[in-house]
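As a plain string of letters, each chain reads:
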Amino acid sequence: MRAVVTVAPQQMELVEEAAPIAGPGEALLRVEAVGLCGSDLHLYLGDHPYVTYPQVQGHEFCGTILAFGEGYSGPLRIGQRVAVEPLVPCGSCYPCRHGRPNCCTRLAVLGAHRRGALAELIAVRTTSLYPVGDLDAELAALVEPVSIGLHAVIRGQVTAEDRVVIFGAGPIGQAVLLAARERGAQVLVVDKLERRLALAHRLGAEVVINASHEDVAAAVLSWTDGDGPAVIFEATGVPAVIRQAVELVASAGRIVIIGLSNQEVSLPVVEFTRKELTVLGSRNNAGIFAQAVELVQRQRAAVRALISHRFPLEETPRALAFALEHPTEAEKVLILVGPAATGQALNQQA
Ligand SMILES: [Zn+2]
Ligand SMILES: [Zn+2]
């Protein structure tokens, strides 16, 4: 089989390898579609905290089941299309013992710490497989990023009474928007790219604000009649946005931080007590992957709109280079593998 191996920073090789074999508790999948995201760019560049080479990347993916390891007797069937939850928690640390394996202290993620899906075949634990019904491969590959948005909305306890602000309208911010809208919340989205804001508007944002030339604070305060939003989602990874969230959020409100940054931010401590703030981090998903499958099933057109580009497996290096060189154009970039890559209008805008 063919696999794309990241052998060193910014160096990927398409190699021919022996097919993997499904061990006990595993299934062999024919990979169909793999999404690339920001963490893939960091792994590729070599500035990801967990990076070791060589590695096969790819953690947002789906495939069809070709075979099971010895002794499988569960409900999955050969030929079924499944989305894969790429998390391998230890099962014994404090978060694992308390229902939060998504932030396991020894968490391994397929495509980062362990071999991922940028290959024609992969062997995966059957407990990580979620049947997607009649979803096509492209949509099934988007279940993982959608699960991150859905988990964040669950963390933020969004209700139909809430006015919600989302900073950052990339694929994760848009997934937060979809999940918040399904709960009936009204949503205002902030970004600097008109194209992203137009999409957010289409996906149900009541108000969109372009931070490059509009006064975000004034717009948010007037939209919330001076209260500030009940919940703010930070999906930009820009530290200054966290400070702005602390300033803008309603008293008794929640701030959910999804964006990644190694930088520091200084905050006025008094706001934590004055507003009795709840500030939450949100990482991966905890036990809601099946709910994410259902969300994608309900929101097919909206989820498909997150895809900006498609490349075949052998063009993975070109896909990553494209995403790095065109950060304002590349949203969800998909790698289509095998039959999924043929008959598709590759490299086209969705
Ligand atoms: Zn990702
Ligand atoms: Zn653990």
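Going by the structure above, here's the rest.
Keep in mind the model is a prediction, meaning the values are calculated, not measured.

> How do you make sense of the overall build of the protein when you look at a structure like this?
Across its full length, the protein holds twelve helices and 17 strands. For 350 residues, the compact-globule formula gives about 20 Å, and the C-alpha radius of gyration of the protein, at 20 Å, lands near that figure. When the backbone C-alpha atoms are referred to their principal axes, the protein occupies close to 60 × 45 × 35 Å. By residue count, 53% of the 350 residues in the protein fall in the buried class.

> I tried to follow the pattern of salt bridges on my own but got confused; where do I start?
A side chain of one charge can pair with a side chain of the opposite charge if their charged atoms are brought near each other. Throughout the structure, instances matching the rule amount to 17 salt bridges. The salt bridge partner of Arg 298 is Glu 182, with a shortest N-O separation of 2.6 Å. Placement of the pair is Arg 298 in helix 10 (residues 289-298) and Glu 182 in helix 5 (residues 171-182), with a sequence separation of 116 residues. In this structure Arg 298 comes out as exposed when scored by relative accessible area, which is 52%. Judged by relative accessible area, Glu 182 falls into the partly exposed class, the value being 33%. Residues joined in a network through salt bridges with shared partners are Asp 136, Glu 138, Arg 304 and Arg 310.

> Sorry, what's going on with a nonpolar patch on the surface here?
A surface patch of nonpolar side chains, amounting to about 250 Å² of accessible area, comprises Val 269, Phe 272 and Val 279. In this fold, Val 269 is placed in the loop between strand 14 (254-257) and helix 9 (270-274). Take Val 269: its relative accessible area is 63%, and that puts it in the exposed class.

> Would you mind showing me how to read the coordination of the zinc ion (ligand 1) here?
Those donors, Cys 37 (SG), His 59 (NE2) and Glu 60 (OE), are the protein atoms that reach the zinc ion (ligand 1), and they lie 2.1 to 2.3 Å from it. One chain supplies every donor to the zinc ion (ligand 1), and in sequence these donors are spaced C-x21-H-E. Residue class for Glu 60 comes out buried when judged on its relative accessible area of 2%.

> Mind showing me how you'd approach the coordination of the zinc ion (ligand 2) here?
Geometrically, a metal with four donors at the corners of a regular tetrahedron has ideal angles of 109.5 degrees, and one with six donors at the corners of a regular octahedron has ideal angles of 90 or 180 degrees. Note on the zinc ion (ligand 2): its protein donors are Cys 90 (SG), Cys 93 (SG), Cys 96 (SG) and Cys 104 (SG). The metal-donor distances range over 2.3 to 2.4 Å. Considering all four donor atoms around the zinc ion (ligand 2), the spread of angles at the metal, 104 to 119 degrees, places the coordination shape in the tetrahedral class. Residue classification places Cys 96 among the buried positions, given a relative accessible area of 14%.

> Got a minute to help me understand helix 12 (residues 316-325) in this structure?
An α-helical turn contains 3.6 residues, so a residue and the one three or four places further along point in the same direction. Here helix 12 has its buried residues at Thr 316, Ala 319, Leu 320, Phe 322 and Ala 323. For helix 12, the arc enclosing every buried residue in end-on projection is 160 degrees, short of the 170-degree limit, so these residues lie on one face. In the core, the buried residues of helix 12 are packed alongside strand 1 (2-8), strand 2 (11-16), strand 3 (26-36), helix 1 (38-45), strand 16 (307-312) and strand 17 (332-336).

> What should I look at first to understand the packing of helix 4 (residues 143-155) against helix 5 in this one?
When two helices pack together, you describe them by how their axes are tilted relative to each other and by the distance separating the axes. Packing of helix 4 against helix 5 leaves a shortest axis separation of 8 Å and a crossing angle of 55 degrees. Here helix 4 is positioned oblique relative to helix 5, judged by the angle of their axes. Of the two possible hands of crossing, helix 4 and helix 5 adopt the one that is right-handed. The residues of helix 5 that touch helix 4, namely those facing Pro 145, Val 146, Ile 148, Gly 149, Leu 150, Ala 152 and Val 153, are Ile 172, Ala 175, Val 176, Ala 179 and Ala 180. Taken together, the residues of the contact of helix 4 with helix 5 break down into eleven nonpolar, one polar and no charged.

> How do you make sense of the packing of aromatic side chains when you look at a structure like this?
Geometry of an aromatic ring pair is reported as the spacing of the ring centres plus the angle between the planes. On inspection of all chains with the given rule, the structure shows three aromatic pairs. Measuring from ring centre to ring centre gives 4.2 Å for Phe 68 and Tyr 72, while their planes differ by 10 degrees; the resulting arrangement is stacked. Note on Phe 68: relative accessible area 22%, which makes it partly exposed. Between Phe 311 and Phe 322, the aromatic rings sit 6.2 Å apart at their centres with planes inclined by 50 degrees, giving tilted as the arrangement. With Phe 311 in strand 16 and Phe 322 in helix 12, the pair connects residues that are eleven residues apart, well separated along the chain. Both residues of the pair, Phe 311 and Phe 322, count as buried. We note Arg 163 situated over the ring of Trp 223; from NZ or CZ to the ring centre the distance is 5.0 Å.

Reading the values: rules and limits
Residues numbered from 1 in each chain as written. Chains lettered and ligands numbered in written order. Predicted model: local features only at pLDDT ≥ 70, side-chain atom pairs only at ≥ 80, totals over all residues. Heavy atoms only, no water. Helix = DSSP H or I, 4+ residues; strand = E, 2+ residues; numbered from the N terminus. Rg over C-alpha atoms; globule rule 2.2 N^0.38 Å. Buried < 20%, exposed > 50% of the residue type's maximum accessible area, 1.4 Å probe, protein only. Salt bridge = Lys/Arg side-chain N within 4 Å of Asp/Glu carboxyl O. Patch = residues over 30% accessible without salt bridge, like charges linked within 9 Å, V, L, I, M, F, W, Y side chains within 5 Å. Areas by Shrake-Rupley, 256 points an atom, 1.4 Å probe, with all protein chains shown as cover. Donors = N, O, S within 2.8 Å, 3.2 Å for Na, K, Ca; no water. Tetrahedral: all angles 85-135°; square planar, octahedral: opposite > 155°, others 65-115°. Arc of directions from axis to C-beta. Contact = heavy atoms within 4.5 Å. Axes fitted to C-alpha atoms, helices over the stretch in contact; angles between N-to-C directions. Parallel < 35°, antiparallel > 145°, perpendicular 65-115°, else oblique. Left-handed = near helix turned anticlockwise from the far one by under 90°. Nonpolar A, V, L, I, M, F, W, Y, C, P; charged D, E, K, R; others polar. Phe/Tyr/Trp six-rings, centres within 6.5 Å; stacked < 30°, edge-to-face > 60°. Lys NZ or Arg CZ within 6 Å of the ring centre and 35° of its normal.

Fair warning: the whole summary comes from geometry, so function is off the table for now.
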